[in-house]
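Summary of the model geometry
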Amino acid sequence: MIVLAEVTLGAPNWLVGAILLAVVGMVSLVGSYRRSGAPSWWRLAAASLKGLGILALAACLIEPLYTGTRPRPGSNLFLVVADNSRSLQLSDKGQSQSRGQIMRGRLKEDTPWLARLGQDFDVRRYLFDTHLRSVKTFDELAFDGEASSLKNSLTALADRFRGQPVAGILVLTDGNATDLVEGALAVPGSPPIYPVMIGAESGLVDLSVTQVAVSQTNFEAAPVTITATVEGRAIPGAKIGLRLLDEAGKEIERRDLAKPAEGQALVERFLVRPEKSGVSFYTVQAFLPREEKLVDGVGGSREATLANNRRIVTVDRGTGPFRVLYVSGRPNWEYKFLRRALAEDDEVQLLGLVRIAKREPKFKFLSRAGERTNPLFRGFGNQSDEQAEQYDQPVLLRLGINDKDELLGGFPKSIEDLFRYQAVILDDIEAAFFTPDQQSLLQQFVSRRGGALLMLGGRDSFVEGGYQRSAIGEMLPVYLDRTGETKVEEGYVLSLTREGWLQSWIRLRTNEQDEQKRLAGMPLFNSLNHVRAIKPGAAVLAEVKSLEGAEHPALIAQQFGRGRTAAMLIGDLWRWNLRRPEGAESDLEKSWRQTVRWLVSDVPGRVDVETKRTMTGAAPAVQILVRARDQNFEPLDNSTVTLKIQTPDKGEIELNAESSDKSAGQYAALFAPRLPGAYRAKISVAAPDGSEVGQREIGWTAEPQTEEFRTLAVNRPLLDQIAQQSGGEVIDVGRLDQFVSSLPNRKIPIVETWTYPLWHQSSVFLVAISCLIAEWGLRRWKGLP
């Protein structure tokens, strides 16, 4: 507190005379009473009375003035802001009234502190919940707001009244803001903020799901992990319940858990496998025993509220088909097992390009007169000479194609043809099979399009395939310029490296013990491609050890541009499936499904969508960002982007995304949800010529009540932070009268000066005369002159 008053002299020219008068009088007084024979206590009392009278009269000569400042009535603004959110409906332990009722009682217009505040200041009244609004009286408090936009409201007030004489902002709230980022609240340029704490810091029974997170893996048994964080305060009993519900409300899993310790978080993970691709919603609910079916607002619960007991989480598994091109130099077992494995995955489409005969030199004496086509294809579909394979061309089988023209000319020769795929697998095919342009095209497929490339081992792969100093070899995560002779080894035992254990798509069992057992039961492999070294930045995920004890890398992966490349150096991986017990699930096929899912998991499409949480003014909103690309995967501008949003009540809202100036080919739309629940959006992109570019589905959730009741205790640390940063202080709700009384002694923008003449008061003269009369009376009592 700052005391804005001081004592000044009205007649400073009399200061010397007054001092001389006081000194002479005091000296005479001391001298006269020293010669007196009266008792010492009597002399001291009489001298003190007379001395006080002399000093009072001497002080009147210099005319002392008490001067100070006070707020000029009506010239300064004072803002009173009240929290109108639903959390004020709570009643603290031992209170017969809710927090809101207590606040409403302190904000009545006839309360002394509010009336006194209006005498000195121009009082402006505001309510805030999802947004800030001005009110004439606080009778409009309903405590039905779905959010507490504390930060945005204070920022709006600071901006609105910047440069104006605002003496302070009085904020009545429980401090549970829903618009904070990482718990920070800073209002630069704000006048002093005086938070008034409404509510208690403890005592309420509350079990809440404070956070949910989703992580997706390519682990086939449980591709989605839902992590829930649960907190509890004053929980009765020793147990709580936690369950996971699907979109239809069907219970997927239930767990009985020990209650979390006071102030500590309990973290639980659910492993689920969505039954369908695309967007799904799951609900995590925490509950006290036998209360899982109770609804908030309906009596019977031991908790203060059930609004924070559940959270909805969005799972986006993506939608296919994901197209994978398999290119092989000869028919082999690997393709058989790979095709059989992916036949069970509806989202992955495998297309094969298998060479069954290499190109031959064309000798006229080997053919019939005038014949130019390869006799291997004689009789297949009565092909004409222009359509049938020539002698100097390889004979290729196209498998799993969508139309008759796909891969008709062999490996794609244009960006449009190759970029249709998400991944390419090369198996036992030499580098000479590809032209230099095709190799460069494949490199662009990975680095620019963001595709994935996997090369499998074999006698025509890696070094043996002549990939040294080739565009494809540059992408691989291994060095192929091997020198010296390679020692012939037999019998390789496969194991995972430290990095491999961290990759869910490599593991096939749910725990380490079972995975170790699986690895120990794998067969020996006899074929391995040797390389000189691993490239910097690449990760060795699996390795093999020969029977002689030599260790070699087996599976290596790395990022390359926007995509990724991997090398499987084992050439006879198919042996894995030969040791499978009859009737048992094929680990090789499961591994292939997980590997292919890993290959295509992060490959961008022609239409990519993401959502970001943001604010529209003071209301929460979702920003939907759409990126469109043409067939060459270059940014596509001037497109038409349409969003069809399905609301929780099954309604439909259609929006158009506008082109963004932040990036080429990017479009943005802003959506403010009005209803709590799960939202779906189908995004359609059309090219400038009207042709369809692609479609995507995305989802998000709006849970204002859950955020509002994230914690029920008053957020005292946040209120202290607000007060400290702005130069204010936290005020107790019972001390509002004292606070308002102290405002004139605080720093105020516009003040006026007041003066109080101390010397011109009858009380001063009466004190002097009274002291002199009292001293005279004492002398007469003792018979002294």
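Now for a quick tour of the structure. (Residues numbered from 1 in each chain as written. Predicted model: local features only at pLDDT ≥ 70, side-chain atom pairs only at ≥ 80, totals over all residues. Heavy atoms only, no water.)

1. A few points about the pattern of salt bridges
- Under the criterion given, the structure shown has 40 salt bridges.
- Between Arg-124 and Asp-122 there is a salt bridge; the shortest N-O distance is 3.2 Å.
- In this structure, Glu-344 engages Arg-593 in a salt bridge whose closest nitrogen and oxygen atoms are separated by 3.4 Å. Of this pair, Glu-344 sits in the loop between α6 (333–342) and β16 (348–357) while Arg-593 is found in helix α12 (residues 587–601), placing the two residues 249 residues apart along the sequence.
- Through salt bridges with shared partners, a single network forms among Arg-243, Glu-251, Arg-254 and Glu-292. (Salt bridge = Lys/Arg side-chain N within 4 Å of Asp/Glu carboxyl O. Helix = DSSP H or I, 4+ residues; strand = E, 2+ residues; numbered from the N terminus.)

2. Remarks on the environment of Val-493
- Relative to the assigned elements, Val-493 resides in strand β21 (residues 492–496).
- Look at Val-493 and you get partly exposed, because its relative accessible area is 40%.
- Sequence-wise, Val-493 and Lys-545 are 52 residues apart; in three dimensions their C-alpha atoms are separated by 5.2 Å.
- Once residues lying within four places of it in the same chain are set aside, the contact partners of Val-493 are Leu-524, Glu-543, Val-544 and Lys-545. (Buried < 20%, exposed > 50% of the residue type's maximum accessible area, 1.4 Å probe, protein only. Contact = heavy atoms within 4.5 Å.)

3. Some remarks on the packing of aromatic side chains
- The full count for this structure, using the stated rule, is 16 aromatic pairs.
- Relative to Phe-434, the ring of Phe-411 has its centre 5.0 Å away and its plane inclined at 85 degrees; by these criteria the two rings are edge-to-face. You can see Phe-411 sitting in the loop between β17 (395–399) and α7 (415–418) and its partner Phe-434 sitting in the loop between β18 (423–427) and α8 (436–447), a full 23 residues away along the chain. Comparing Phe-411 with Phe-434 shows no difference in burial state: the two are buried. (Phe/Tyr/Trp six-rings, centres within 6.5 Å; stacked < 30°, edge-to-face > 60°.)

4. Observations regarding the pairing of strand β31 (residues 677–686)
- By the bridge criterion, seven bridges tie strand β28 (residues 640–646) to β31 in an arrangement that is antiparallel. Residue pairing for β31: Lys-644 is matched across the bridge by Lys-682.
- Connecting β31 to the antiparallel partner strand β32 (residues 692–702) that follows it, the hairpin turn spans five residues, and Gly-690 within it adopts a positive phi of roughly 95 degrees. (Pairing = 2+ DSSP bridges.)

5. A word on the sheet that holds β18
- Taken in spatial order, the nine strands of this open sheet run β17-β16-β15-β18-β19-β25-β24-β23-β21, and their pairing is mixed. Whereas interior strands pair on both sides, the edge strands pair on one side only; in this sheet they are β17 and β21. On average, adjacent strands in this sheet sit at an angle of 15 degrees to one another, irrespective of strand direction.
- Here five bridges tie β18 to strand β19 (residues 452–456), and the two strands are oriented parallel to one another. Bridging from a neighbouring strand, Asp-427 pairs with Leu-456 of β19.
- α6 rests against β15 (322–328), β16, β17 and β18 of the sheet, and its axis sits at about 160 degrees to β16.
- This element, α12, spans β15, β16, β18, β19, β24 (551–560) and β25 (563–568) of the sheet and lies at about 145 degrees to β19. (Axes fitted to C-alpha atoms, helices over the stretch in contact; angles between N-to-C directions.)

Fair warning: the whole summary comes from geometry, so function is off the table for now.
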